[in-house]
Amino acid sequence: MVLLWWLGAAMASPSVEIELEAVKGQQVLRVMAPEGQHVAEEALYSLSLHCAGTPVHMSGPSEDVVAGIVLEGVGRGEQCRGELSVPICEDAGDTCELQELVFTGETPRRGLARWTAADRYVPQGLDFPAQVDAVDLYAKAAARAARNHKPVLVDFSAVWCPPCNLLAKELLSQDVGVLKEVELVEVDADDASSWPLKSAYEVTGYPTILALDAHGNEIGRIVGYPGREETEAWMWDMVQLYKTGAVLGPEAMAEEAWRLVQREKLTDAQALLDEIDAEIEPEESLAQVEKAWEDIIEGKVKGEEAEEALPELQADLAVRDAGTRRTARDTVPYRLARMHLNPTIEDGVWLLGHAPEKVLQWVDATESLGEDGKRLAVAALREGITRVDGPQCADMLYVLADYLHKNDAVWAYSAAAALIRSEMEHEPTRAKGYIAWYATLLEMAGDKGMANDVLRQAIVDHPNEPTFYWKQAQLLLRGGAGDLALDASLKAVQRAWGDNLLMVGRTHAEILMALGKTEEAVEFVNGVLEEVEAPEEDQDVRSHRLREELAEVVAEVSQEG
């Protein structure tokens, strides 16, 4: 592997040993440094241990793990898996390294047991199904779908994507009835094996959930995560659509047009809106049409009279369909689609009045409307924050801040951060999905110290993921702490893979350039581009753009060389 030149020094270090001793019915854990090295007792350690389903989380001065710590709730003969972060120093010299290790074994029933700790990191996150062939997963799910007469739901998500984490935590990992009616495939969008599926179905943003039949025909899709209730309802709609094979009615056409706009299929979206708009206003009222149908159905008109009426039935159908199309024009999806295709103040005002909670789905379209559009955007956002709460309100405050003067913007960022903090405290199981966003809001509000503290704790809680090291590196670089940023970005690089390695690598290269380490930056970028598999030219995936952005960091100095 090309990246081994970068990681070799850390991987070559001798192994740390973990000693467990059964003492009076308790398990005592000690850390033993390799020969020629010692534990930096004044620094901090962090331990996460799972034994027979019992979680133990401990941290404190490293002198404690040298002397021995009691593992509360852990018994004899239990199979354990541990994760340890501990500082190890060379006896000769002043070189120290924070080693982050894993170890497994069975606790002793009596006496001592020693386990060898190994380097923790593999190029994937613990909480995400990276490095699994996506096409193979999909093929197996499609085969099951054909046997069981179910649709396939394909979730494209990424480990660094906050709404993806929320989707997985709140819905996909839960015992939800709709998930029993589908074959679910969870695809790591950063892994190269996802390219054929992403390219074939034009997946460009995460999360995206596709609903497919067993033959791979698309039934529908949802882009982003609007929340558990709306996503679950959409899944049930897809199940029903799969079972009935229903043809899209006008309102469903409007919804599909909005989905096409989100996929940037603007011509196709406009064609659907044109089809909805095609019928002229009917001359007859809908009430008259319904009455004519009732008379025939109930037998009030029959025999020759009914036969004579049959030629008019097609016209009646057109009248009724025109009424449905007219109704479809006054739906939120229709107005959202039209606002992006041909933005008007009128449609913006309509959406504000009928769906103030959806302001963020159309407010960017006001940019083309000049000063009137700006005033509409501010009014819509101010109204929106009074109608929603929690993370949705925080998102609106963040966007509103772009329209405000500096002091008011700081207030908006602070208020958004407070809302996210409240959400994290109220729903701790969902907290991971908000961490990076919370840190960003704190930084925008001027509290960089608190933002860094939040990311440091996230690193302790999720040490196998690149995301929080990466965000910390960006924060430190913006704060002028280049050396610390370099250390954080290196840790992110060590844990990254696929597309997220390209993103993390870009930050790492920028830090090297900022520190004047030009040659190292060029060598690093070339190494990553060689290491990470490149997609075929005809594969329409974001990996192309990410590779170009990484190369651009050192492009100028590379040309000079």
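Higher on the page you've got the structure.
Residues numbered from 1 in each chain as written. Predicted model: local features only at pLDDT ≥ 70, side-chain atom pairs only at ≥ 80, totals over all residues. Heavy atoms only, no water.

So, about the overall build of the protein. Counting its secondary structure elements, the protein contains 22 helices and 14 strands. Counting contacts in the protein only where the partners sit at least 6 residues apart, residues at least 24 apart contribute 62% of the total. Of the roughly 27,500 Å² of accessible surface on the protein, a fraction of 50% belongs to carbon and sulfur atoms. (Helix = DSSP H or I, 4+ residues; strand = E, 2+ residues; numbered from the N terminus. Contact = heavy atoms within 4.5 Å. Areas by Shrake-Rupley, 256 points an atom, 1.4 Å probe, with all protein chains shown as cover.)

This paragraph deals with the packing of helix 18 (residues 467–478) against helix 19 (residues 482–495). Two elements in contact, helix 18 and helix 19, have axes whose closest approach is 8 Å; the angle formed by their N-to-C orientations is 160°. Classed by the angle they form, the pair helix 18 and helix 19 counts as roughly antiparallel. Here helix 18 runs over helix 19; the crossing is left-handed. Contacts between helix 18 and helix 19 pair Tyr 469, Trp 470, Gln 472, Ala 473, Leu 476 and Leu 477 from the former with Leu 484, Ala 485, Ala 488, Ser 489, Lys 491, Ala 492 and Arg 495 from the latter. Broken down by class, the residue content of the contact of helix 18 with helix 19 amounts to nine nonpolar, two polar and two charged. (Axes fitted to C-alpha atoms, helices over the stretch in contact; angles between N-to-C directions. Parallel < 35°, antiparallel > 145°, perpendicular 65-115°, else oblique. Left-handed = near helix turned anticlockwise from the far one by under 90°. Nonpolar A, V, L, I, M, F, W, Y, C, P; charged D, E, K, R; others polar.)

Cis geometry marks the peptide bond from Tyr 206 to Pro 207; its omega dihedral reads -10°. With respect to the helices and strands, Pro 207 occurs in the loop between helix 5 (195–200) and strand 13 (208–212). One non-glycine residue, Lys 24, lies in positive phi territory at about 50°. Secondary-structure assignment places Lys 24 in the loop between strand 1 (17–23) and strand 2 (26–32). Note on Lys 24: relative accessible area 82%, which makes it exposed. If you check the backbone angles, Glu 202 has positive phi at about 55° while not being a glycine. (Buried < 20%, exposed > 50% of the residue type's maximum accessible area, 1.4 Å probe, protein only.)

Turning our eyes to something else, we now look at the sheet that holds strand 2. Spatial strand order, 6-2-1-9: four strands in an open sheet with antiparallel pairing. The sheet terminates laterally at strand 6 (69–71) and strand 9 (111–116), the two strands that pair on one side only. If you compare each strand with its neighbour and ignore which way they point, the axes differ by 30° on average. Where strand 1 and strand 2 come together, seven bridges link them in antiparallel fashion. (Pairing = 2+ DSSP bridges.)

Once that is clear, we can look at the state of the cysteines. Counted by the stated rule, this structure contains one disulfide. The disulfide that involves Cys 161 links it to Cys 164, with 2.3 Å between the sulfurs. When the S-S torsion is 75°, as for the bridge of Cys 161 with Cys 164, the disulfide is right-handed. (Disulfide = S-S within 2.5 Å.)

A few words now on the pairing of strand 12 (residues 183–188). The pairing of strand 11 (residues 152–157) with strand 12 spans six bridges and is classified as parallel. Bridge assignment links Val 152 to a residue of strand 12, and that residue is Glu 183. Between strand 11 and its parallel partner strand 12, the chain crosses via helix 4 (residues 162–172), and the hand of that crossover is right-handed. (Right-handed = clockwise from strand over helix to strand, strands pointing away.)

Within the secondary structure layout, Asp 347 lies in helix 12 (residues 345–354). You can call Asp 347 buried: its relative accessible area is 1%. In this structure the side chain of Asp 347 is engaged in a polar contact, spanning 2.8 Å, whose partner is the side chain of Arg 338. Once residues lying within four places of it in the same chain are set aside, the contact partners of Asp 347 are Arg 335, Arg 338 and Met 339. (Polar contact = N/O pair within 3.5 Å; in protein donor to acceptor, adjacent residues only side chain to side chain.)

The full count for this structure, using the stated rule, is four aromatic pairs. When the ring of Trp 160 is compared with that of Tyr 206, the centres are 6.2 Å apart and the planes differ by 65°; the resulting orientation is edge-to-face. Pair noted here: Trp 160 is in the loop between strand 11 and helix 4 and Tyr 206 is in the loop between helix 5 and strand 13, with a separation of 46 residues, a long-range link. Overall, the relative accessible area of 18% leaves Trp 160 in the buried class. (Phe/Tyr/Trp six-rings, centres within 6.5 Å; stacked < 30°, edge-to-face > 60°.)

For the pair helix 17 (residues 448–461) and helix 18, the least separation of the axes is 9 Å and the interaxial angle reads 155°. Here helix 18 runs roughly antiparallel to helix 17, going by the angle between their axes. You can see that helix 17 and helix 18 cross each other, and the crossing is left-handed. Side by side, helix 17 and helix 18 meet where Lys 448, Ala 451, Asn 452, Leu 455, Arg 456, Ala 458 and Ile 459 of the first sit next to Phe 468, Tyr 469, Lys 471, Gln 472, Leu 475, Leu 476 and Arg 478 of the second.

All chains considered together, the criterion is met by 26 salt bridges. With a closest N to O distance of 2.4 Å, Arg 375 and Asp 372 form a salt bridge. With a gap of three residues between them, Arg 375 and Asp 372 both fall in helix 13 (residues 370–387), about one helical turn apart. Note on Asp 372: relative accessible area 44%, which makes it partly exposed. A salt bridge links Arg 545 to Glu 549, with the shortest nitrogen-to-oxygen separation between them at 3.1 Å. You can see Arg 545 and its partner Glu 549 sitting in helix 22 (residues 543–560), four residues apart, about one turn around the helix. Owing to a relative accessible area of 39%, Arg 545 belongs among the partly exposed residues under this scheme. A cluster of three or more residues bridged by salt bridges with shared partners is formed by Glu 17, Glu 19, Glu 21, Arg 30 and Arg 114. (Salt bridge = Lys/Arg side-chain N within 4 Å of Asp/Glu carboxyl O.)

Across five bridges, the pairing between strand 13 and strand 14 (residues 218–223) is antiparallel. Among the inter-strand pairings, Ala 211 is bridged to a residue of strand 14, identified as Gly 220.

Topologically, Ser 15 is positioned in the loop between helix 1 (4–11) and strand 1. Classification of Ser 15 by relative accessible area gives partly exposed; the value is 42%. For Ser 15 and Ala 117, which are 102 residues apart along the polypeptide, the C-alpha to C-alpha distance reads 6.2 Å.

Time to look at the sheet that holds strand 13. If you walk across this open sheet you meet the four strands as 12-11-13-14, and the pairing is mixed. Only two strands of the sheet have a single neighbouring strand rather than two, namely strand 12 and strand 14. Direction aside, the axes of adjacent strands within the sheet are offset by 15° on average.

Next up on the list: a negative patch on the surface. Residues Glu 41, Glu 42, Glu 63 and Asp 64 make up a contiguous surface patch of negative charge. Looking at where Asp 64 falls in the secondary structure, it is placed in helix 2 (residues 63–67). (Patch = residues over 30% accessible without salt bridge, like charges linked within 9 Å, V, L, I, M, F, W, Y side chains within 5 Å. Lys, Arg positive; Asp, Glu negative; His and termini not counted. Charge placed at Lys NZ, Arg CZ, Asp CG, Glu CD.)

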